[in-house]
Amino acid sequence: MSDIQTSDTRKDEALHEPGQALHVEDLTVAYGAVTALWDIDLDIPPGVMCAIVGPNGSGKSTLLKTALGLVKPVAGHVRFLGRPVRQMRGQIGYVPQRQSVDWDFPITAREVVEMGLYRSLGWLRRPDAQTRARAMKALSELGMQDYASRQISQLSGGQQQRVFIARALVQDAPILILDEPMAGVDASTEAIIIALLKRLRDEGRTIIVVHHDLTTVQSYFDWLVMMNVRVIAQGPIREVYTPENLRATYGRQLAMIAPPAGGRDG
Amino acid sequence: MADLLSSAIVQTVLAGAALLGAISGMLGAFAVLRRQSLLGDALAHAALPGVCLGFLIAGARDLGTIMAGAFLTGALAALAMMLITRRTTLKTDAALGIVLSVFFAVGVVLLTYVQRQGRTASAGLETFLFGQAAAILRADLWIMGGVGLVALAVVLALWKEFKLVSFDAEFARANGFPVLALEAALTMLVALAIVVGLQLVGVVLMVALLIAPAAAARQWTRSLGGMVLLSALIGALSGAGGAFASAAQRGLATGPVVVLTATLIVLISLALAPERGLLWQALAARRARARISDRRVLATLQGLAEAHDNRHYPAESGMLKTALGAMPRAERLAGLEARGFIRPVTHPPETTPHWELTRAGHREADRLTRKTRDEEQGQ
Ligand SMILES: Nc1ncnc2c1ncn2[C@@H]1O[C@H](COP(=O)(O)OP(=O)(O)OP(=O)(O)O)[C@@H](O)[C@H]1O
Ligand SMILES: [Mg+2]
């Protein structure tokens, strides 16, 4: 890749590693005394559907939040398609792991989805008929059209999750980042979500998903990042999903549970 | 009463009180949704030193200067709280407690100092502790109206940003919205609401005027717009009600009456509001129980009829009891009979009551079975 190594102060302005959807370099993040990420170097090419796996507390959510500029790193930098995140606002859809919203907020499912379009509306402009129509379309892609005017407090956990995925979807972003979207959803919803993500990938978007289910990771994804505070392995899933790497990521026992099913594609 | 209302002074006081209540209600809705009720309390107490400073600077009870002073110390308190929670390990409630008591203590010291000075107009100052609508002057109305318009304009202009930040600040940040500035704007608006509301209810009770209308409004609406509007209306109503009561009954303090009025509306809302009210929920639970009981009676009768290959199979009440686990309430059976779904029959030689499903009853049972199935699939 092009080696644009300008001086550190100018780094933010230069287009750095534009060939990668996500480029992370020397990233270290600490919460007080806890080191959550240590010297992460990462490249995810555009157009892949990438899983990030690792045990609890291995820093997966921290990696995503830092990439999105929600957590400040101790060192290192992040580029999306060669640009720092603040130049990419609105072009990255994000579904956090646990919604920290007030579930009793007086708001309907459709209004939540419309929030994904607020940025593109710009200041002073109200959501209009077109905003509504796009929100409805995103909801129906997740099978939630019948719940559009429900209060979010009246939805089940899996339905709430789908609403928040729709909110990321409606942004029509080239990069989608989802932190454990499959947590707490049933098998048919999981199938809907995966089919949707694969379709978006086939449109040329980059999908980055923190995933916990090792039994499905090979059939869902084509790119893999294995991490545990450090990056253990990264690359096309067929090359990376090996017993040695699983052992290095999770320790001995887990490598037995989900042996690599050599040769299957995502 | 008509006498009272025609008096120009009372009109001024009523209009002022309604205006103050509306502003506090509107901005209080955001404070409640952002779980900042306690911040409101701290800001209100922190306004007292500003009130005294404003008085000292103006040398008289000049509302503009006093409000500016109150806003200044309120904003200072908000800033102090932000710094404490960010820079130390103290939790928000501890930071609130510290800031509230320190600022209020300084306020009380200043108040005592001002009163010791024995200046003529200082008598009006302690009304800021508990509020006094009667002290509102016609000229004050202009200031209040101006403040209200500014607040309204800001809320309308930044409506969707405020909605976003109140609901999900992290998403707003990930989308590049200036979250800190928007949150600061909302906090400043709350401080503004407090400053104007002080005249009406005073620093001690101000938090009630901020949260009570919003809490009541939340019960009745399902949208942010509805909640903010209704909260403003309830605030206005409480303000005017309190002002009227204290005008009619000399010596009755305005602030407490305003707060009691608002609290009464909260209680009524908690009990009666559709969907969220306690009464409504109790009735809904009862209706649901009745509906389920009816469904099970019809399904049982139909099942018995099918099992015996007889559409008019007379089921003995004991059989119903066994099948359902308990005898359905007599009024439920009477209700089904009145709707033509079941019919009491005798089945000689037995003397106990028997029930059979009518043709309409079969249709209804079929319909309910379909409905149950659809509902299960819809999950
Ligand atoms: N806000 C925080 N303050 C302090 N420590 C934190 C914070 N968030 C995360 N940590 C710590 O950082 C480490 C990484 O956490 P992170 O949430 O990134 O893990 P994760 O891989 O997403 O785990 P999970 O699979 O459970 O979601 C953990 O040790 C966690 O305890
Ligand atoms: Mg996580």
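Residues numbered from 1 in each chain as written. Chains lettered and ligands numbered in written order. Predicted model: local features only at pLDDT ≥ 70, side-chain atom pairs only at ≥ 80, totals over all residues. Heavy atoms only, no water.

**Concerning the sheet that holds strand S2 (residues 342-347) of chain B**
Residues and elements named next belong to chain B.
- Ordered in space as S1-S3-S2, the three strands form an open sheet in which the pairing is antiparallel. Of all strands in the sheet, those with a lone pairing partner are strand S1 (315-316) and S2, marking the two edges.
- Judged from the five bridges that link them, S2 and strand S3 (residues 350-357) form a sheet pairing that is antiparallel. Note on S3: the bridge partner recorded for Arg343 is Glu356.
- Running at roughly 100° to S3, helix H13 (residues 278-307) makes contact with S1, S2 and S3 of the sheet. (Pairing = 2+ DSSP bridges. Helix = DSSP H or I, 4+ residues; strand = E, 2+ residues; numbered from the N terminus. Contact = heavy atoms within 4.5 Å. Axes fitted to C-alpha atoms, helices over the stretch in contact; angles between N-to-C directions.)

**A short note on the coordination of the magnesium ion (ligand 2)**
- Each protein donor to the magnesium ion (ligand 2) is listed here as Ser61 of chain A (OG) and Gln97 of chain A (OE1); together their distances run 1.9 to 2.2 Å. A residue pair is termed long-range when its members are at least 10 positions apart, and Ser61 of chain A in helix H1 (residues 60-67) and Gln97 of chain A in the loop between strand S5 (92-95) and helix H2 (109-114) qualify at 36 residues. (Donors = N, O, S within 2.8 Å, 3.2 Å for Na, K, Ca; no water.)

**Structural notes on the nonpolar core**
- If you look at the biggest cluster of nonpolar residues, it comprises 144 residues, and the most contacted ones within it are Leu197, Val217 and Leu224 of chain A together with Leu43 and Phe167 of chain B.
- With 23 residues, helix H10 (residues 179-220) of chain B is the single largest residue contributor to this core.
- Non-local contacts of Leu43 of chain B, meaning those with residues more than four positions away in its chain, are made with Gly74, Ala77, Ala78, Met81, Thr187, Val190, Ala191 and Ile194 of chain B.
- The next biggest cluster of nonpolar side chains, apart from the first, holds 32 residues, and it includes Leu22, Leu70, Ile208 and Val210 of chain A. (Core = buried A, V, L, I, M, F, W, Y, C linked by side-chain atoms within 4.5 Å. Buried < 20%, exposed > 50% of the residue type's maximum accessible area, 1.4 Å probe, protein only.)

**Some details on a nonpolar patch on the surface**
All names here are of chain B.
- Together, Trp220, Leu264, Ile268, Leu272, Leu279 and Leu283 line one region of the surface with nonpolar side chains, adding up to about 570 Å² of accessible area.
- Put simply, the parts of the chain that give the nonpolar patch at least two residues each are helix H12 (254-272) and H13.
- With three residues, H12 is the single largest residue contributor to the nonpolar patch.
- By the secondary structure assignment, Leu279 is in helix H13.
- Assessed through its relative accessible area of 48%, Leu279 is described here as partly exposed. (Patch = residues over 30% accessible without salt bridge, like charges linked within 9 Å, V, L, I, M, F, W, Y side chains within 5 Å. Areas by Shrake-Rupley, 256 points an atom, 1.4 Å probe, with all protein chains shown as cover. Salt bridge = Lys/Arg side-chain N within 4 Å of Asp/Glu carboxyl O.)

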